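Below are the chains, spelled out letter by letter.
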2 protein chains.
Amino acid sequence: MTAVRPAGTGLDWLATTGADWTVDPAVIASRRLDRSGWEPDGEPRAVVFPRTAEQVQAVLRGAHATRTPIVARGAGTALTGASAAGAGEIVLDLGRMNRILAIRPADGIAVAEPGVVTADLDRAAAEHGLRYAPDPASLELSTIGGNIATNAGGLRCAKYGVTRDSVLGLDVVLADGTRIGTGRSTLKGVAGYDLTSLFVGSEGTLGVIVAATLRLRSLPVPTATIAASYPDIADAAAASVALADARIQPVLAELLDEATLTAIDAAQGTSLRAAGAALLIVQTDGSPDEAERAIAVLGQGASSLRSTTDPAETAALLAARRQALPSIERLGRPLIEDIAVPRSRLAEAVREIAAIARRYDVPICTVAHAGDGNLHPLIVAGPHGAPISAAATRAGDEIFGLALRLGGTVTGEHGIGVLKRAWLEREVGPDNHALQQKLKALFDPNGILNPGKAL
Amino acid sequence: MTAVRPAGTGLDWLATTGADWTVDPAVIASRRLDRSGWEPDGEPRAVVFPRTAEQVQAVLRGAHATRTPIVARGAGTALTGASAAGAGEIVLDLGRMNRILAIRPADGIAVAEPGVVTADLDRAAAEHGLRYAPDPASLELSTIGGNIATNAGGLRCAKYGVTRDSVLGLDVVLADGTRIGTGRSTLKGVAGYDLTSLFVGSEGTLGVIVAATLRLRSLPVPTATIAASYPDIADAAAASVALADARIQPVLAELLDEATLTAIDAAQGTSLRAAGAALLIVQTDGSPDEAERAIAVLGQGASSLRSTTDPAETAALLAARRQALPSIERLGRPLIEDIAVPRSRLAEAVREIAAIARRYDVPICTVAHAGDGNLHPLIVAGPHGAPISAAATRAGDEIFGLALRLGGTVTGEHGIGVLKRAWLEREVGPDNHALQQKLKALFDPNGILNPGKAL
């Protein structure tokens with residue numbers, strides 16, 4: 001890319017940072033939005049591509065001094081508007097800081113720059129018989145920095161935890177350009193307040209992560225992958241709760257509702273719906289005994305059950321889950337929601353969401369990480385390219401309200417971004433919300449870090 | 001207990017809080033120290049025993065208004081001076097807030113007041129086939145609130161995480177008496193900044209926990225408990241690293257050095273030292289295959305190895321670890337240190353600690369959670385009842401310096417308290433330290449919450 005730096009943009013200070021930057025409209029357009037489809041007002045002023053932590057420091061010092069808002073960006077896979085940038089803002093694209101700085105198998109840790117693609121880190125760890133456990137659906141695109149900024153979840157976090165559970169320490173540039181280390185390079189440590197966890201999930205509003213020390217885990221061998229169909233969503237949800245009652249901890253437990261199965265069948269030519277109105281896909285990696293018990297538990301009430309240990313067949317059983325989003329996208333533009341409820345309320349949540357779909361006459365397909373009680377209702381919000389329909393927006397609001405009514409949260413793993421800002425205070429209460437705002441002001445007194453997001 | 005409330009103490013405002021309180025010198029003496037043996041200057045003014053969150057709020061409102069320092073206390077098992085109280089301070093004893101408010105097996109959560117004894121919660125969970133995973137050595141005495149305040153570790157955290165990994169949400173009273181909820185009642189959730197993790201490990205300096213929502217996990221069955229002796233500590237440390245290389249994740253991996261084995265033999269009449277100069281005790285709960293592989297890996301270079309699946313024999317193998325501290329206490333007053341290093345530096349750390357013991361001519365016995373690289377050098381600091389010897393203090397400082405030199409931390413699981421305050425800034429750096437102090441000032445502007453601790 002040729003850097004385009006016309007005079008008269010008022011951004012001459014960027015030239016002193018040492019980082020590449022551009023005001024090329026095509027580059028700006030390619031770095032302006034995230035995957036939420038949310039459209040900010042106006043265009044950002046420039047995109048900066050630092051290669052070093054020192055360049056990030058220089059950019060933030062300049063931004064702090066000139067009160068220029070900065071939107072840090074990984075791969076732009078956020079589903080909440082968290083990485084969208086608008087008028088007056090500068091995009092800080094961390095994609096070129098993409099080196100894996102260390103993999104230390106004996107210590108069980110890796111050190112990575114923020115722009116490393118998550119799946120690349122996992123593959124590098126696998127060469128040592130290890131793995132980076134968090135596996136958001138976007139893992140082939142999204143970056144470690146973005147995953148940390150949103151505290152990304154995934155399928156196997158039911159057993160192995162979300163991103164926060166794998167972050168041991170961070171190298172962070174604060175709003176004024178000061179650079180601090182947080183956490184540690186050891187597997188355990190409790191020195192001082194947990195600043196690491198405070199940055200995890202803060203959506204670029206408290207600081208910019210320039211490196212992370214991450215926990216690697218030993219690579220377990222799956223003992224069984226099971227696909228069980230049920231006549232009704234309640235049966236499938238009950239089966240997933242029965243696993244917990246039977247002291248079985250699956251790696252993943254993915255639930256697909258009737259609308260989702262119908263969409264997949266239509267798009268892929270499968271006949272999943274014929275086997276039952278709900279599908280539960282479960283994988284275990286404990287003892288073979290645990291796998292056998294899981295098959296027995298899931299078989300209760302199932303209209304059909306397949307189980308395999310063969311890698312190719314495993315991939316085939318998991319394919320239904322992976323095909324869900326592309327299949328639903330054929331129906332129109334999906335609004336991907338992300339509520340979580342106490343695990344025992346899962347069936348109730350799915351049924352209520354189906355009722356909301358009928359009430360607002362919008363298609364809603366629900367897939368869920370059942371082991372966590374984390375549901376993704378995918379609202380078909382109108383044709384692709386068209387604005388989100390009013391009915392879809394109202395249905396989304398009903399779903400947020402439902403999550404809170406069931407004792408849950410409006411976001412299980414995607415974050416608040418801009419789309420759910422109105423719901424945060426309702427969920428956490430005014431005193432908690434006020435405290436969060438005070439924290440933001442402490443970390444970023446000039447309000448330059450991803451303003452208007454997360455809070 | 002009869003409440004003793006003489007006039008003229010300047011504490012009449014306590015009477016309006018609804019909580020029991022006393023200035024009885026005997027009660028004050030029983031609530032003044034923790035297990036570090038650190039002696040604060042002077043005596044606290046009173047001990048308050050709230051039974052409800054509302055009473056805690058009233059106490060903090062009064063303390064905030066009168067600028068009276070408050071030292072929250074669970075069972076007083078801190079090893080750092082974190083729960084010791086001195087002149088002018090009021091002890092807030094949370095031991096009467098000891099109800100388990102809910103166990104919801106289908107949701108995988110429990111809700112507990114801070115004064116619940118950790119082992120009691122685990123036993124209550126076990127009735128449902130679940131467990132509360134964190135198991136600090138003090139678990140039969142220490143409380144959930146104290147465990148959260150220190151982010152307590154334990155033996156099985158090698159596989160199942162430290163206290164933070166089991167805390168989903170908190171009910172916290174802030175310094176001015178405001179009460180907020182943090183986190184969630186679901187297994188996943190990312191709404192807003194992670195205030196929960198900020199309170200975990202904050203040693204009573206940011207707020208007072210009045211209830212916690214905790215994650216329960218399914219109760220795995222141990223597949224093998226293995227005790228392997230080695231000719232040299234380096235062999236034992238290498239064996240623990242070899243487990244990780246072999247993709248084995250033990251539940252616990254406890255390392256005992258020569259000085260510790262000698263102390264146990266002297267106290268218990270055993271002959272552990274004769275089998276080898278270092279002992280590694282490992283437990284697995286994965287597949288039987290993993291247990292077999294662990295036995296094969298640990299057998300390499302072992303001078304002796306025993307393995308069992310029998311519960312009584314398992315208890316016998318684990319007994320050596322449990323006897324370590326009582327045996328060492330026969331030698332004198334132990335100063336229990338708590339460094340962590342990258343796992344690959346474990347043998348080096350143990351050898352350097354032995355060299356420090358020789359250099360300062362003080363006995364130091366080292367036990368380690370080898371899976372985490374977390375070492376507990378137990379410095380025999382003189383006769384019981386006598387002050388800590390100057391040589392022991394200097395040896396301790398050398399050990400802290402060693403931890404930092406090896407890329408580790410001065411505290412793996414016990415916390416900073418007062419004893420390690422001088423080391424915190426050296427470990428985290430001045431800019432991080434300054435940020436932590438700003439956080440403290442934000443949460444506690446009048447400086448009434450456990451002043452002089454943790455930072």
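Before reading further, recall that the structure is shown in the block above.
A short tour of the structure in this document, coming up. Note that this is a predicted model, so its numbers are computed, not measured.

1. Description of the pattern of salt bridges
Argument step 1. What the rule picks out here adds up to 50 salt bridges over all chains.
Argument step 2. For the salt bridge of aspartate 107 of chain B with arginine 104 of chain B, the shortest nitrogen-to-oxygen distance reads 2.9 Å.
Argument step 3. Take arginine 104 of chain B: its relative accessible area is 29%, and that puts it in the partly exposed class.
Argument step 4. Via salt bridges that share partners, Arg32, Glu39 and Glu43 of chain A belong to a single interconnected network.

2. Re the packing of helix α12 (residues 346–360) of chain B against helix α13 (residues 390–405) of chain B
All names here are of chain B.
Argument step 1. Interhelical geometry of α12 versus α13 gives an angle of 155 degrees and a closest axis separation of 10 Å. Comparing the axis directions of α12 and α13 gives the class roughly antiparallel. For α12 against α13, the interelement crossing comes out right-handed. Between α12 and α13, the contacting residues are Ala349, Glu352, Ile353, Ile356, Arg359 and Tyr360 on the first element and Ala391, Arg394, Ala395, Glu398, Ile399, Leu402 and Arg405 on the second.

3. Focus on the pairing of strand β18 (residues 364–369) of chain B
Residues and elements named next belong to chain B.
Argument step 1. Burial analysis of β18 places six of its six residues in the buried class, which makes it a mostly covered element.
Argument step 2. Here β18 shows two buried faces, one formed by Ile364, Thr366 and Ala368 and the other by Cys365, Val367 and His369.
Argument step 3. One ladder, built from three bridges, connects strand β13 (residues 252–256) with β18; its direction is antiparallel. Looking at β18, one finds that glutamate 254 is bridged to histidine 369.
Argument step 4. Across six bridges, the pairing between β18 and strand β19 (residues 374–380) is antiparallel. Its bridge partner lying in β19, histidine 369 is registered against asparagine 374.
Argument step 5. Counting the residues between successive antiparallel strands, the hairpin from β18 to β19 contains four residues, one of them, glycine 373, with a positive phi of roughly 70 degrees.

4. Some points on unusual backbone geometry
Where the residue is not glycine, phi is negative for most of them; where a peptide bond is considered, it is trans in most cases.
Argument step 1. One non-glycine residue, asparagine 151 of chain A, adopts positive backbone phi at about 50 degrees.
Argument step 2. Its place among the elements puts asparagine 151 of chain A in the loop between α4 (144–150) and α5 (157–160).
Argument step 3. On the basis of relative accessible area, asparagine 151 of chain A is assigned to the buried category, the value being 3%.
Argument step 4. Even without glycine at this site, glutamate 203 of chain B takes up a positive phi of about 55 degrees.
Argument step 5. For glutamate 203 of chain B, the location among the structural elements is in the loop between α6 (195–199) and β10 (208–215).

5. Quick look at the environment of leucine 406 of chain A
Residues and elements named next belong to chain A.
Argument step 1. By secondary structure assignment, the location of leucine 406 is in the loop between α12 (390–405) and α13 (421–428).
Argument step 2. For leucine 406 and alanine 349, which are 57 residues apart along the polypeptide, the C-alpha to C-alpha distance reads 7.8 Å.
Argument step 3. For leucine 406, the contacting residues outside a window of four places in its chain are Val341, Pro342, Arg345, Glu348 and Ala349.

Calculation notes
- Residue indices begin from 1 for each chain and proceed along its sequence in written order.
- Chain A is the first chain written and ligand 1 is the first ligand written, with later ones labelled in order.
- Totals for whole chains, interfaces and linings use every residue, but because this is a predicted model, local features are given only for residues with pLDDT of at least 70 and side-chain atom pairs only at 80 or more, for both listing and counting.
- The basis for the side-chain values is all heavy atoms of the structure; hydrogens and waters are excluded.
- Criterion for a salt bridge: a side-chain nitrogen of Lys or Arg within 4 Å of a carboxyl oxygen of Asp or Glu.
- For each residue, the accessible area found with a 1.4 Å probe, counting protein chains only, is set against the maximum for its type, and the residue is called buried under 20%, exposed over 50%, and partly exposed in between.
- Every angle, taken between N-to-C directions, lies between 0 and 180 degrees, and every axis is a line fitted to C-alpha atoms, over only the stretch in contact when it is a helix.
- In this text, helices come from DSSP runs of H or I with a minimum length of four residues, and strands from runs of E with a minimum of two, each type numbered from the N-terminal end.
- Under this scheme an angle from 65 to 115 degrees is roughly perpendicular, one under 35 degrees roughly parallel, and one over 145 degrees roughly antiparallel; angles in between are oblique.
- Whether a crossing is left-handed or right-handed is set by the direction in which the near helix is turned from the far one by less than a right angle, anticlockwise for left-handed and clockwise for right-handed.
- Any pair of residues with heavy atoms lying within 4.5 Å of one another is described as a contacting pair.
- By the convention used here, strands pair only if DSSP detects at least 2 bridges between them.

Keep in mind these numbers describe shape, not what the thing actually does.
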